[in-house]
Amino acid sequence: MTSDNVLIKVRGLKKHYNGGTIRALDGIDIDINKGDVMVVIGPSGSGKSTFLRSLNLLEEPTDGSIDVEGQIITEGKIDLDKFRQKMGMVFQHFNLFPHKTILENLTIAPIIVKKEDKAAAEKRAMELLARVGLEDRASAYPVQLSGGQKQRVAIVRALCMNPDVMLFDEPTSALDPEMVGEVLEVMKDLAKAGMTMVCVTHEMGFAREVGNRVVFMEDGKIVEQGSPDKIFNHPESDRLKDFLAKVL
Amino acid sequence: MSISFSNLEKVLTYLPMLLQGLEVTVLLSLMTVLFGFVIAFTLALMLLSDVRPFRRLAKVRNGSPARLKRLEFISRFNPLRLIAGIYVQFVRCTPMLVQIFLIYYIVFGFIQLPKFTFFGFIQFERFFPGIVALSLNSGGYMSDVIRGGIEGVDQGQTEAARSLGMSKGQTMFHIIIPQAVKNILPAVANEFVTIIKESSVCYTIGVQDIMFNVKSIQSASFIIAEPLLMATFLYFCLCFPTSKIIQYFERRMRASDQR
């Protein structure tokens, strides 16, 4: 892969709490390429989520740099709101806006942030909603939806901003088991359509099947990374073997 | 001292005065809730603000741990929050009566207010300082309620909005405040009841509210107890239905939460 294919370049990323006594991230170096479906795995508390949240600066790193499409976002000189439009994010607990209908949830950001025309934003939202099979719930409120439906809406909400990258922070961890499939299905379609994705997940099946790169993190560091085949079938480090023995 | 029906009858002839007082009390309370809310909201935003002029100091890496800790402490300094914090503590830790005198005799001792009456009998130069003092007081108390209501909205809501590219202001206005209102409204309504009662201290600076007229009736008729009882009755009639109405709406709101 050539270097101009790199979308996000992370160098020496650190996040310390309590003046360095707690190191959630302890020097992360990684390149995320266009079209990558990168799956981040690791035990809880290993810094996966912190890493993901650093990518759109929901978490302010203590040190290191993140370069997104040639912009160094960690220097504090960029328009953060503008930059975040390019990065969709999906959360473990959906975080839909409970006081707005599904359609309003989808169109609020395009309308007030991108100043899109209301009718155009709604038309686009309905098309995307139809893709995840929820067009008939447009006028419902989030509380009336099941967990799986909420997460599908949350994915569509991020898509409505036309992002270059989608970040998934344990998107299926808060779901009942029978609803995990429908969400993963939507993510799979998204990956097939060529979206660049970074997913923190415990779904090893998804990592193996959909991911083209798997990153294993522990104690704020990247311990091992490679293709799903390499990570799952030929793990090198003991810590990864240990982890896989527990989860598979 | 005795309470007698003949006294009560005599006092009843002064009823129009008490009703005028009632009018003033209601007007005073309504205006106070309104201005108090504006003040409280401003204070709450100040308390929640993230203005840190020395935030860069937290990025300093070299130096002893003690020095780094000190710099980190300074980096967290927020002048807006400090001012609002001092203000709220001042309001809470001084008596309402003292505050009203401070406003009337000192602040409006320097600032000359135009002297005129409105609604036929309300003296502006006394009524206005009364509203100012009550609003400043209730604003201080309510600011904490509003801050709590805003902080009570799930952090994930802010994260979701910001990750969609909304600015801090847009997030506050479109996402947080509409949800916070639900948390805040009952407390603000209760504050209204409190203000109705608190407003009675305004008679000390000559605002013609219920208590002021009680004093007038007492000195005109030399009857002490009965005017007080009537005032008690009036205050109760104002506050009791108000708090019942609030309870009703509170219950309805809670019901709509469990849709």
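Refer to the structure presented above.
Here's a quick rundown of the structure. Starting afresh in each chain, residues are numbered from 1 along the sequence in its written order. To label them, take the chains in the order written and letter them from A, then take the ligands in the order written and number them from 1. Predicted model: local features are reported for residues with pLDDT of at least 70 only, side-chain atom pairs are reported and counted for 80 or more only, and whole-chain, interface and lining totals are derived from all residues. To obtain the side-chain values, all non-hydrogen atoms of the structure were included, while hydrogens and water were left out.

## Some details on the overall build of chain B
Line of reasoning, step 1. Elements are defined by DSSP. Helices are runs of H or I of four residues or more, strands are runs of E of two residues or more, and each kind is numbered from the N terminus. Scanning chain B from terminus to terminus reveals ten helices and two strands.
Line of reasoning, step 2. Secondary structure of chain B in N-to-C order comes out as α-α-α-α-α-β-β-α-α-α-α-α.
Line of reasoning, step 3. C-alpha atoms define the radius of gyration, and 2.2 Å times the number of residues to the power 0.38 defines the globule rule. Here chain B has a C-alpha radius of gyration of 24 Å; the compact-globule value for 259 residues is 18 Å, and the former is much larger.
Line of reasoning, step 4. Across its three principal directions, the C-alpha atoms of chain B cover 85 × 50 × 35 Å.
Line of reasoning, step 5. By residue count, 39% of the 259 residues in chain B fall in the buried class.
Line of reasoning, step 6. Summed over its atoms, the accessible surface of chain B is roughly 14,400 Å², and 68% of this surface lies on carbon and sulfur atoms.
Line of reasoning, step 7. Once the 25 positive and 15 negative side-chain charges of chain B are each reduced to a mean point, those two points are 12 Å apart. Exposure is judged per residue with a 1.4 Å probe applied to protein chains only, and the accessible area is read against the type maximum: over 50% gives exposed, under 20% gives buried, and values in between give partly exposed. Areas reported as accessible are Shrake-Rupley estimates using a 1.4 Å probe. Residue values count occlusion only from the protein chains shown. In this tally, Asp and Glu contribute negative charge and Lys and Arg positive charge; neither His nor the terminal groups of the chain are included. Here the site of a charge means NZ on Lys, CZ on Arg, CG on Asp, or CD on Glu.

## Some words on the sheet that holds strand 9 (residues 213-218) of chain A
Residues and elements named next belong to chain A.
Line of reasoning, step 1. A pair of strands is considered paired only if DSSP assigns at least 2 bridges between the two. Strand order across the open sheet formed by six strands is 6-7-8-3-9-10, with mixed pairing between neighbours. If you trace the sheet from one side to the other, it starts and ends with strand 6 (87-90) and strand 10 (221-226), each paired once. Ignoring strand direction, the axes of neighbouring strands in this sheet form an average angle of 20 degrees.
Line of reasoning, step 2. When strand 3 (residues 37-41) meets strand 8 (residues 196-200), the two strands line up parallel, connected through four bridges. Across the sheet, residue valine 39 finds its bridge partner in strand 8, namely cysteine 199.
Line of reasoning, step 3. Of the strands in this sheet, strand 3, strand 9 and strand 10 touch helix 9 (residues 238-247), which is tilted by about 100 degrees from strand 9. Throughout, an axis means a line fitted to C-alpha atoms (over the contacting stretch in the case of helices), and angles, computed between N-to-C directions, take values from 0 to 180 degrees. Any pair of residues with heavy atoms lying within 4.5 Å of one another is described as a contacting pair.

## Details of the nonpolar core
As a rule of thumb, soluble globular proteins bury nonpolar side chains together.
Line of reasoning, step 1. Ranked by internal contacts, the top residues of the largest apolar core, which has 50 residues, are Ile8(A), Val10(A), Phe51(A), Leu55(A), Ile66(A) and Met166(B).
Line of reasoning, step 2. Core analysis: the next-biggest nonpolar cluster, separate from the first, contains 49 residues, Ile155(A), Val156(A), Leu184(A) and Val210(A) among them. To define a nonpolar core, start from buried Ala, Val, Leu, Ile, Met, Phe, Trp, Tyr and Cys residues and group those joined through side-chain atoms within 4.5 Å.

## Overview of the interface of chain B and chain A
Line of reasoning, step 1. The interface of chain B with chain A comprises 20 residues on the first partner and 28 residues on the second.
Line of reasoning, step 2. Summed over both sides, the interface between chain B and chain A buries roughly 2,000 Å², with carbon and sulfur atoms accounting for 55% of that surface.
Line of reasoning, step 3. Each reported salt bridge corresponds to a side-chain nitrogen of Lys or Arg within 4 Å of a carboxyl oxygen of Asp or Glu. Our count for the contact surface shared by chain B and chain A stands at two salt bridges.
Line of reasoning, step 4. Between Glu159(B) and Arg53(A) there is a salt bridge whose closest N-O contact spans 2.9 Å.
Line of reasoning, step 5. Of all elements in the fold, only helix 7 (155-163) and helix 8 (168-198) of chain B reach the threshold of two or more residues within the side of chain B that touches chain A.
Line of reasoning, step 6. By residue number, the principal contributor to the side of chain B that touches chain A is helix 7 of chain B, which donates seven residues. Reported buried area values correspond to the accessible surface (1.4 Å probe) lost by two parts on association, with both partners' losses combined.

## Structural notes on the pattern of salt bridges
Line of reasoning, step 1. A full pass over the atoms with the stated rule returns 23 salt bridges over all chains.
Line of reasoning, step 2. Taking the shortest distance from any N to any O, the salt bridge between Glu59(A) and Arg53(A) comes out at 3.0 Å.
Line of reasoning, step 3. Within the structure, one salt-bridge network assembled from shared partners comprises Asp50(B), Arg52(B), Arg55(B) and Lys168(B).

## Details of the packing of helix 2 (residues 15-48) of chain B against helix 4 (residues 79-93) of chain B
All names here are of chain B.
Line of reasoning, step 1. One can describe the packing of helix 2 onto helix 4 by two numbers: an axis separation of 7 Å at closest approach and a directional angle of 130 degrees. Taken together, the axes of helix 2 and helix 4 are oblique relative to one another. Crossing handedness for the pair helix 2 and helix 4: left-handed. In this structure, helix 2 uses Leu43, Met46 and Leu47 to contact helix 4, whose residues at the interface are Leu80, Arg81, Ile83, Ala84, Gly85, Tyr87 and Val88.
Line of reasoning, step 2. Three classes are used: nonpolar for Ala, Val, Leu, Ile, Met, Phe, Trp, Tyr, Cys and Pro, charged for Asp, Glu, Lys and Arg, and polar for all others, with Gly counted as polar. Grouping the constituent residues of the contact of helix 2 with helix 4 by class yields eight nonpolar, one polar and one charged. Small angles under 35 degrees read as roughly parallel and large ones over 145 as roughly antiparallel, with 65 to 115 read as roughly perpendicular and the rest as oblique. Helix crossings get a hand from a simple test, with the near helix turned counterclockwise from the far one by less than a right angle marking a left-handed crossing and a clockwise turn marking a right-handed one.

## Looking at the environment of Leu55(A)
Residues and elements named next belong to chain A.
Line of reasoning, step 1. Looking at the element boundaries, leucine 55 is found in helix 1 (residues 48-55).
Line of reasoning, step 2. By relative accessible area, which is 0% here, leucine 55 ends up buried.
Line of reasoning, step 3. C-alpha separation for the pair leucine 55 and arginine 152, spaced 97 residues apart in sequence, amounts to 22 Å.
Line of reasoning, step 4. Apart from the residues lying within four places of it in its own chain, the contact partners of leucine 55 are Ile8, Val10, Ile32, Ile66, Ile73, Phe83, Met87, Leu167 and Val198.

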